[in-house]
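Below are the chains, spelled out letter by letter.
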Amino acid sequence: MTDKELFELMEKRLYTGLLCDVMDEMGLRNQAMNINIRPLEETSVMAGRAKTILAVDVYEVVDEPYKVEIAALDSIKEDEIPVICTNSSSNNGIWGELLSTATRMRGGRGAVVDGLMRDTKKIREMGFPVFSAGYKPLDSKGRGLVIDFDCPVVAGGIRVLPGDVIFADFDGVVVVPKDIIHEVVKKALDKLEMENHSRNELLEGKLLQDVYDKYGVL
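Residues numbered from 1 in each chain as written. Predicted model: local features only at pLDDT ≥ 70, side-chain atom pairs only at ≥ 80, totals over all residues. Heavy atoms only, no water.

### Observations regarding the overall build of the protein chain
Here comes step 1: Of the regular secondary structure elements, the protein chain holds seven helices and twelve strands.
Here comes step 2: For 218 residues, the compact-globule formula gives about 17 Å, and the C-alpha radius of gyration of the protein chain, at 19 Å, lands near that figure.
Here comes step 3: The dimensions of the protein chain, computed from C-alpha atoms along their principal axes, are 65 × 30 × 30 Å.
Here comes step 4: Within the protein chain, the proportion of its 218 residues that are buried is 46%.
Here comes step 5: For the protein chain, the exposed surface amounts to about 11,100 Å²; the carbon and sulfur share of it is 52%. (Helix = DSSP H or I, 4+ residues; strand = E, 2+ residues; numbered from the N terminus. Rg over C-alpha atoms; globule rule 2.2 N^0.38 Å. Buried < 20%, exposed > 50% of the residue type's maximum accessible area, 1.4 Å probe, protein only. Areas by Shrake-Rupley, 256 points an atom, 1.4 Å probe, with all protein chains shown as cover.)

Right, here's the structure in full:
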């Protein structure tokens with residue numbers, strides 16, 4: 001299965017709670033980003049490989065303030081999701097319409113920002129999924145600076161490595177380590193099947209305890 005097929009399957013059939021349940025059972029009990037990372041659109045669902053980007057606050061306009069940022073965006077590969085670590089900055093709206101456009105044209109599937117974004121009207125019109133901690137119209141120039149990319153980051157309280165899988169929906173943003181993604185998805189699909197059986201039997205009027213004893217999911 002290609003990455004594109006995998007991510008389309010995840011977006012169509014899975015949800016964040018299911019992935020978290022599976023990883024709980026595997027001993028990975030803290031794979032969901034902080035609760036303030038929210039979707040621009042309630043219906044947004046996205047899955048893709050993490051394209052990690054590291055930014056810091058600055059307090060003066062430096063020479064070539066967009067140099068590393070541009071290099072990062074231009075190196076995005078198909079089915080990647082930029083994950084921007086700002087260390088939860090509220091200094092500027094580091095993500096906007098043009099970065100969303102550039103990401104989409106490189107084949108990116110969305111973006112996650114642990115800081116703020118802007119140009120929300122334009123991004124909504126694009127239908128491009130972005131999850132962020134809020135909004136601020138100030139540009140990053142002289143306020144925020146991308147200093148590295150394709151490096152380990154901590155975004156929304158979770159350590160993210162390049163190539164880890166990001167899955168996000170209205171409930172939040174989940175990080176699946178790249179080495180276990182296929183195992184997690186298989187177990188999630190299996191659990192989904194059991195949940196479907198449980199729901200059907202509950203709709204038939206069976207007791208929750210009896211259904212839980214039979215399928216072991218809740």
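### Regarding the nonpolar core
Here comes step 1: Among the nonpolar cores identified, the biggest contains 20 residues, and Met 10, Leu 14, Leu 19, Val 176, Ile 181, Val 184 and Val 185 are the most heavily contacted of them.
Here comes step 2: Breaking this core down by element, the ones donating at least two residues are α1 (3-13), α2 (16-25), β11 (165-169), β12 (172-176) and α6 (181-203).
Here comes step 3: Sorting elements by how many residues they give to this core places α6 first, with six residues.
Here comes step 4: Counting 18 residues, the second-largest nonpolar core is a separate cluster that includes Ile 37, Cys 85, Cys 151 and Val 175. (Core = buried A, V, L, I, M, F, W, Y, C linked by side-chain atoms within 4.5 Å.)

### Concerning the packing of α2 against α6
Here comes step 1: Direction vectors running N to C along α2 and α6 enclose 110°, while the axes themselves pass 9 Å from each other. Considering the angle they form, α2 stands roughly perpendicular to α6. Relative to α6, α2 is oriented so that their crossing is right-handed. Only Val 184, Lys 187, Ala 188, Lys 191, Leu 192 and Glu 195 of α6 make contact with α2, whose side of the interface consists of Leu 18, Leu 19, Asp 21, Val 22 and Met 23.
Here comes step 2: Here the contact of α2 with α6 is built from residues that sort into seven nonpolar, no polar and four charged. (Axes fitted to C-alpha atoms, helices over the stretch in contact; angles between N-to-C directions. Parallel < 35°, antiparallel > 145°, perpendicular 65-115°, else oblique. Left-handed = near helix turned anticlockwise from the far one by under 90°. Contact = heavy atoms within 4.5 Å. Nonpolar A, V, L, I, M, F, W, Y, C, P; charged D, E, K, R; others polar.)

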